[in-house]
Protein chains: 2
Amino acid sequence: MDTSDGSPKKFPEMPKGKSREKSIEARIHEQYESLPDSERKLAEVILDFPGDLSAFKASELTALAGVSKAAATRLFHRLGFQSFDEARLLSRERREWGSPLYMESKPGTATSSGGLNALLKDETDLLRTSLSKLDANRLDEVVGHIVGARRVFLIGFRNSRFIAEYFRWQLLQFRGDVLLIPGNGETIGEFLADLTPTDVVFVVALRRRIKELHGILTSVRDRGTPIALLTDPTARRLPGLATWTLTVETRGAFPFDSCGPALAICRHLSVQAFHKAGRRGRAHLERIERQHEVLDTFN
Amino acid sequence: MDTSDGSPKKFPEMPKGKSREKSIEARIHEQYESLPDSERKLAEVILDFPGDLSAFKASELTALAGVSKAAATRLFHRLGFQSFDEARLLSRERREWGSPLYMESKPGTATSSGGLNALLKDETDLLRTSLSKLDANRLDEVVGHIVGARRVFLIGFRNSRFIAEYFRWQLLQFRGDVLLIPGNGETIGEFLADLTPTDVVFVVALRRRIKELHGILTSVRDRGTPIALLTDPTARRLPGLATWTLTVETRGAFPFDSCGPALAICRHLSVQAFHKAGRRGRAHLERIERQHEVLDTFN
DNA sequence: ATATTTCAGAAACGTCTGTTTCAACAACTT
DNA sequence: AAGTTGTTGAAACAGACGTTTCTGAAATAT
């Protein structure tokens, strides 16, 4: 609808197969010795900023280095690029080489080499992109409420249900009043009426959400209870209802989603909350541990 | 509006202390409901990108979303920015926090920066060591039985229970007769008596195993049913009873164990089994997908 | 039906970007 | 000393960028 011919639009270049190119850093190192003064100053600025050339404009770099813009053009020519923009695209491509998106599940290459390496890569990539997007402050607030709330309610359906169960299990290690709702055969309404602002609701809502979720969250919010939402980027209207939203990537290169990142966050929250719970929580844990030792005569 | 407030812009803004600003994603979530069509399309493109907004130009985003450039300007105004560039800078600033600069685990500052980097390292380390120890052939055999068995029984207690649940959920995507035992309030004995060698039993037994497990496995073996055991290195007598043993690491640097590796293996088994199930399994999945599409009118 | 409001995209617009040109300059070479 | 080579930033330049304006279309109200 924007171009006259109506057919495929001009996309910015997407990661193709050309990740074989030498990285910008590598190119700089190769020629570092022979670089003239001003270009070297520029190169150092680039190297000092780990990874992310693509986030800067050439003029920003030159300003940081205190050289003229002409120096930038010359440097990138010398490094083998036809323009600064070409370097920018390469840099971006590099960084998104772990991007879970636009990785169409090519049937042919999916299971190559036993698939275990691919799996490892997939999982770690998802973890990295997920964790790097998280905001530490938001996490801290959630942790605070998990420790301080009178009761912690966990909500999760389908896929997300068992993540909520895992989380509950972890939290129970050091605090009580952690409830997974709805329990078997219970309806959720009964709990909703009972909520107060001193509680906290933790909702796990990964892909394949049920449509009732929207109504549930609205109810919770109306009762004034803070909501922490653990979801993926495909959630659209839910985050607007939550007090804090923690987003993780779940779509990898495989037909089934990965829950690794979501669980990692739950683990992190558990650990942090455990620390923050302090002596009280520790006592709770030790009590349980001692019980276990008595019972676990052998495995 | 007022592009001219008199102050000349000199240096690109460097990360100061103002990480207090709301993130772009958060702003989008807040207003998502009230966004007009074209701006919403744009917002979705932004949300879908794992990478940074700062790596893109506004015109690239609009091209990806298939909207006019004007839509971008309008969107960013609506989100509370004075210009696209302002949003770009905020996004870049954000990125610095989760920077690839490895947070060396100094003993003193264990929880600095939220400890997210430490978590990432821990999880990926566990994954790598776990997966590297696995035997592809053994996995293949397990996959074969999961696909070919008349019924798949999943067993898991405590911690391991929810992993079994996850696995069940995945397997149900492409085959029926996947049973998690014991169900609520059921005793496991009833099922054991029913087992045949054409079934397969998949046991998840991570740390903190209950002592009844040994007896259960013995019974299963005596009935001639093949057993796949997913456990950790601390299991002592259990592997001797299993037909195949898959071992994963769970102990990391944190007080709570990680289930990431165990889940990764379950995912892998699911994917492989799905492939091996071939047309039959795919038809099953598509049938389910279609049902979902009917039900998921919105999320 | 008409009026009102909201929205989208095309086009005009000024600004800033990155490139190129050019003259000044320094460091060697002969 | 004059010539050669290489480097530098200012200035000129074309082009792309993001913003604004405007007109028509669509949705909603009256």
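Residues numbered from 1 in each chain as written. Chains lettered and ligands numbered in written order. Predicted model: local features only at pLDDT ≥ 70, side-chain atom pairs only at ≥ 80, totals over all residues.

A word on the overall build of chain A. When its secondary structure is counted, chain A shows 11 helices and five strands. Considering only residue pairs separated by 6 or more positions, chain A has 68% of its internal contacts joining residues 24 or more positions apart. (Helix = DSSP H or I, 4+ residues; strand = E, 2+ residues; numbered from the N terminus. Contact = placed C-beta atoms within 7 Å.)

Side-chain positions along a regular strand alternate between the two faces of the sheet. Residue and element names in this part refer to chain A. Counting buried residues along strand β4 (residues 227-231), five of its five residues qualify, which places the element largely inside the surrounding structure. Handedness of the crossover is the feature at issue here: the chain leaves strand β3 (residues 200-205), passes through helix α10 (residues 212-222), returns alongside β4, and the resulting connection is right-handed. One ladder, built from four bridges, connects β4 with strand β5 (residues 244-247); its direction is parallel. Bridging from a neighbouring strand, Leu-229 pairs with Thr-245 of β5. (Buried ≥ 20, exposed ≤ 12 C-beta atoms within 10 Å, placed from the backbone. Right-handed = clockwise from strand over helix to strand, strands pointing away. Pairing = 2+ DSSP bridges.)

Turning to the sheet that holds strand β5 (residues 244-247) of chain B, a few remarks are in order. Residues and elements named next belong to chain B. Spatially, β2-β1-β3-β4-β5 is the arrangement adopted by the five strands of the open sheet, whose pairing is parallel. Single-partner strands in this sheet number two, and they are β2 (178-181) and β5. Pairs of neighbouring strands in the sheet enclose a mean axial angle of 20°, with direction left out of account. Alignment of strand β1 (residues 152-156) against β2, held across four bridges, turns out to be parallel. (Axes fitted to C-alpha atoms, helices over the stretch in contact; angles between N-to-C directions.)

What follows is about the sheet that holds strand β1 (residues 152-156) of chain A. Residue and element names in this part refer to chain A. If you walk across this open sheet you meet the five strands as β2-β1-β3-β4-β5, and the pairing is parallel. Here the strands that pair on one side only, and so sit at the sheet edges, are β2 (178-181) and β5. Each strand of the sheet is rotated relative to its neighbour by a mean of 20°, with strand direction disregarded.

Let us now look at the protein's contact with DNA strand C. Lining the immediate environment of DNA strand C, one finds 20 residues, of which Ser-59, Thr-73 and Ser-83 of chain A together with Pro-36 and Asp-37 of chain B sit closest. Where the surface near DNA strand C is concerned, the elements lending two or more residues are α3 (58-65) and α4 (69-78) of chain A together with α2 (37-48) and α4 (69-78) of chain B. Residues that form the surface near DNA strand C fall into these classes: 10 nonpolar, five polar and five charged. (Near = placed C-beta within 6 Å. Nonpolar A, V, L, I, M, F, W, Y, C, P; charged D, E, K, R; others polar.)

With respect to the helices, strands and loops of the structure, His-29 of chain B is situated in helix α1 (residues 24-31). Expressed as a C-alpha distance, the spacing of His-29 of chain B and Val-45 of chain B, which sit 16 residues apart in the sequence, is 13 Å. Setting aside chain neighbours within four positions, we find His-29 of chain B in contact with Pro-239, Gly-240 and Thr-245 of chain A.

With domains assigned, chain A is organised as domain 1 (24-95) and domain 2 (127-295). Taken over C-alpha atoms, the centre of domain 1 of chain A sits 44 Å from the centre of domain 2 of chain A. (Domains from an automatic or database assignment.)

Taken together, 19 residues form the shell around DNA strand D, and within it Pro-36 and Asp-37 of chain A together with Ser-59, Thr-73 and Ser-83 of chain B come nearest. Here the element with the most residues in the surface near DNA strand D is α4 of chain B; it accounts for five residues. Grouping the constituent residues of the surface near DNA strand D by class yields 10 nonpolar, five polar and four charged.

Our next topic: the packing of helix α8 (residues 158-171) of chain A against helix α8 (residues 158-171) of chain B. In the contact formed by α8 of chain A and α8 of chain B, the axes pass within 9 Å of each other and the chain directions differ by 170°. By the criterion of interaxial angle, the relationship of α8 of chain A to α8 of chain B is roughly antiparallel. Two secondary-structure elements touch here, α8 of chain A through Asn-159, Phe-162, Glu-165, Tyr-166 and Trp-169 of chain A and α8 of chain B through Asn-159, Phe-162, Glu-165, Tyr-166 and Trp-169 of chain B. Looking at side-chain class alone, the contact of α8 of chain A with α8 of chain B contains six nonpolar, two polar and two charged residues. (Parallel < 35°, antiparallel > 145°, perpendicular 65-115°, else oblique.)

Relative to the 16 Å expected for 12 residues at 1.5 Å per residue, helix α2 (residues 37-48) of chain A spans 17 Å between its end C-alpha atoms, a close match to the ideal helical length. The inward-facing, buried residues of α2 of chain A contact α1 (24-31), α3 and α4 of chain A. (Expected span 1.5 Å × (residues − 1).)

With that settled, the discussion passes to the nonpolar core. Residues Val-203 and Ala-228 of chain A together with Val-203 of chain B are the most contacted members of the largest nonpolar core, which totals 120 residues. Once residues within four sequence positions are removed from consideration, Ala-228 of chain A is found in contact with Val-142, Val-200, Phe-202, Val-203, Ala-242, Thr-243, Trp-244 and Leu-246 of chain A. Grouped together as the second largest cluster of nonpolar side chains are 42 residues, Val-67 and Ala-72 of chain A together with Ala-71 and Ala-72 of chain B included. (Core = buried A, V, L, I, M, F, W, Y, C linked by C-beta atoms within 7 Å.)

Here we take up helix α10 (residues 212-222) of chain B. All names here are of chain B. Buried residues of α10: Leu-213, Ile-216, Leu-217 and Val-220, and no others. Buried residues of α10 fall within an arc of 95° about the axis and therefore sit on the same side. Residues of α10 that are exposed and point over 90 degrees away from its buried face: Gly-215, Thr-218 and Asp-222. Elements that come into contact with the buried residues of α10 comprise β1, α9 (189-194), β3 (200-205) and β4 (227-231). Within two residues after α10, Gly-224 carries a phi angle of roughly 85°, on the positive side. (Arc of directions from axis to C-beta.)

Moving on: the packing of helix α3 (residues 58-65) of chain B against α4 of chain B. Residues and elements named next belong to chain B. Contact pair α3 / α4: the axes reach a minimum separation of 8 Å and the direction vectors enclose 110°. Looking at the two axes, α3 sits roughly perpendicular to α4. For α3 against α4, the interelement crossing comes out right-handed. Note on element contacts: α4 touches α3 through Lys-69, Ala-71 and Ala-72, opposite Ala-58, Ser-59, Leu-61 and Thr-62. A per-class count over the contact of α3 with α4 returns four nonpolar, two polar and one charged. (Left-handed = near helix turned anticlockwise from the far one by under 90°.)

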